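Chains, contacts and geometry: an overview
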Amino acid sequence: MKYYNLKEKKEVVDFKTATIKGQGREKGLFFPELIPQFDKDFIENLHQYSDEEIAFRCMKDFVGDEIPYDVLKQIVSETINFEIPLKKINENIYSLELFHGPTLAFKDVGARFMSRCLSYFLKDENKKVTVLVATSGDTGGAVANGFYKTENINVVILYPKNRVSAVQEKQLTALGENISALEVDGSFDDCQNLVKQVFSDDEINSNLFLTSANSINIARWLPQQIYYLLALKQWQKLETGNPVICVPSGNFGNICAGILAHFRGLPVEHFIAACNKNDIVPNYLKTQKLESKETVATLSNAMDVGNPSNFVRILELFENHFEDLKSKISGYSIDDEETLQTIQDVYENYHYLLEPHSAVSYKAMERYLKENPEKKGFILGTAHPVKFPDAVEKAIHLTVDLPESLENLIKKEKKSTEIQPDFVELKRFLLNKN
Ligand SMILES: *Cc1c(COP(=O)(O)O)cnc(C)c1O
């Protein structure tokens, strides 16, 4: 499979190059030249296939012969080696729980796939790569865990001091080995600006081979299709008719993967983009104007994105046909007050505990179903409530128990280097590390 740069369509690369480079010239995103179609019989009978087989069939056309099939099989089975259950919340709404992976967030799937592909490609290159990421909490943990002890790869994570939850901080700082955590005395935006400066600094780039691990990278974006298939496998046993799928969205990588799977033949009734106050896409669906905005801080902070980078991929899928796009995707913006109220209501009425991102999603789904009462579907549960304990406790006045898998982690020692939001200081750290 070849991938072209959405900004400069003449730049065409293979899967390996797109994975290593992350993005193309002019910071353009890569996009597959073909949308490979699923076999109809396969899609209608997903229950006859194992999860590993489904994941393999989902990914193989995108990788082609660049990774041998037996290695790819191993990679996809490690990518999804935790449960991804579709749980019923009430008569009309289910939740696809994507938070049973090692860092309790859906980003584990993409990070695990990407780290293994990157490691495979670097094996023969005799090249050491530094993966640099800024995180508001969830991305860093998934990336740290996904790349932990991966040969030839160092990971440097920048996170804002005192602004990530206790569990999130331990996930970033307790691993050690090839993972370094930098605690920046500033905001998430400061972290992100520092990372951008590093990527455009000639001296650093001539000393280190840098890459990013955000959802712009195709090796993080594409494997997210897998769990839409695994969800449909479960849905086909539980319900008739096609599901409405509601995705809590920030950078729009997750929902874009679902839409891609749909274009390949996965039956989906409708998609809902659930946003918090950062409502660029819901506004676009109303006005046909895509206007990025200053980010607003909310309780669902992994979706605090004022310029959703993957949306260009959605536009490409629909070939920029606004009416087609609008008939397939609805958008809702949910504020913090409604988010807390939803956590409380759903807990009281159905004994199901949501965290802020999933609560935004639930509320958006409820709105859509009110206007379309004959439909049913599921939300994507993107994180475990324990990762956002403050909001959850505020809503239901109960503390969230730590899952067993985290008890050891939380006891581990935090290892981080504190820096000021200062490029010179970061540059010194990176050059000394090498
Ligand atoms: C990253 C994240 C999102 C948003 O996903 P995108 O692919 O950026 O739209 C939603 N919920 C949680 C918990 C996240 O960590």
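Residues numbered from 1 in each chain as written. Predicted model: local features only at pLDDT ≥ 70, side-chain atom pairs only at ≥ 80, totals over all residues. Heavy atoms only, no water.

Our working rule: UniProt positions are given in the numbering used here, feature names are shortened, and annotations may be inferred rather than shown by experiment.
As recorded in an unreviewed UniProt entry, the chain goes by Threonine synthase and comes from Chryseobacterium taiwanense. UniProt, in its Sequence similarities (unreviewed entry) section for the chain, records the words "Belongs to the threonine synthase family."

Brief notes about the side chain of Thr79
Put simply, the test is: Secondary structure counts use DSSP, requiring at least four H or I residues in a row for a helix and at least two E residues in a row for a strand, with both numbered from the N terminus. Buried residues are those whose accessible area, probed at 1.4 Å on protein chains only, stays under 20% of the maximum for their type, while exposed residues exceed 50% and partly exposed ones sit between those limits. Any pair of N or O atoms that falls within 3.5 Å is considered a polar contact. Within protein, one atom must be able to donate a hydrogen and the other to accept it, and sequence-neighbouring residues count only if both atoms are side-chain atoms. Throughout, a residue-residue contact means that at least one pair of heavy atoms, one from each residue, lies within 4.5 Å.
With respect to the secondary-structure elements, Thr79 resides in helix α4 (residues 69-79). According to the relative accessible area criterion, Thr79 is buried, its value standing at 0%. Within the structure, the side chain of Thr79 is placed 2.7 Å from the backbone oxygen of Ile75, a separation counted as a polar contact. Once residues lying within four places of it in the same chain are set aside, the contact partners of Thr79 are Val109, Arg112 and Phe113.

Here's the deal with the environment of Gln192
Among the structural elements, Gln192 can be located in helix α8 (residues 188-199). On the accessibility criterion, Gln192 (32% relative accessible area) is partly exposed.

Let's talk about the packing of α8 against helix α20 (residues 423-433)
For clarity, the threshold we go by: To obtain each axis, a line is fitted to C-alpha atoms, and for helices this fit is confined to the stretch in contact; angles are then taken between N-to-C directions over 0 to 180 degrees. Just so you know how the angles are binned, under 35 degrees is roughly parallel, over 145 roughly antiparallel, 65 to 115 roughly perpendicular, and the rest oblique. Crossing handedness is defined as follows: a turn of the near helix away from the far one that is anticlockwise and smaller than a right angle gives a left-handed crossing, while the clockwise case is right-handed. Each residue gets one of three labels, nonpolar for Ala, Val, Leu, Ile, Met, Phe, Trp, Tyr, Cys and Pro, charged for Asp, Glu, Lys and Arg, and polar for the others, Gly among them.
The geometry of α8 relative to α20 is characterised by a closest axis approach of 10 Å and an angle of 60° between their N-to-C directions. Taken together, the axis directions place α8 and α20 in an arrangement best described as oblique. As for how α8 packs across α20, the hand of that crossing is right-handed. Within the contact between the two elements, α8 uses Leu194, Gln197 and Val198 and α20 uses Phe423, Leu426 and Leu430. In the contact of α8 with α20, the residues fall into five nonpolar, one polar and no charged.

Focus on the site of the ligand
For clarity, the threshold we go by: Note on terminology: near, applied to a residue and a molecule or strand, indicates that one of the residue's heavy atoms is within 4 Å of it. Per-residue accessibility takes into account occlusion by the displayed protein chains alone, with areas from the Shrake-Rupley method and a 1.4 Å probe.
Taken together, 15 residues form the shell around the ligand, and within it Lys107, Asp138, Gly250, Asn251 and Thr382 come nearest. One of the backbone N or O atoms of Phe252 is found 2.9 Å from an oxygen atom in the ligand. Measuring from a nitrogen atom of the ligand, one finds a side-chain N or O atom of Thr382 at 2.9 Å. Compared with its free state, where it exposes 390 Å², the ligand has 97% of that area covered by protein. Considering only residue class, the shell around the ligand consists of six nonpolar, seven polar and two charged.

Observations concerning the nonpolar core
Let me state the cut-off plainly: Side-chain atoms within 4.5 Å link the members of a nonpolar core, which is a set of buried Ala, Val, Leu, Ile, Met, Phe, Trp, Tyr and Cys residues.
Counting 97 residues, the largest nonpolar core has Phe15, Phe113, Ile314 and Phe378 as its most contacted members. It is helix α11 (residues 225-238) that contributes the most residues to this core, eight residues altogether. Excluding its chain neighbours within four sequence positions, the residues that come into contact with Ile314 are Phe252, Ile255, Cys256, Ile259, Leu325 and Ile329. Judged by nonpolar contacts, the second largest core, of 34 residues, contains Met303, Ile334, Ala391 and Ile396.

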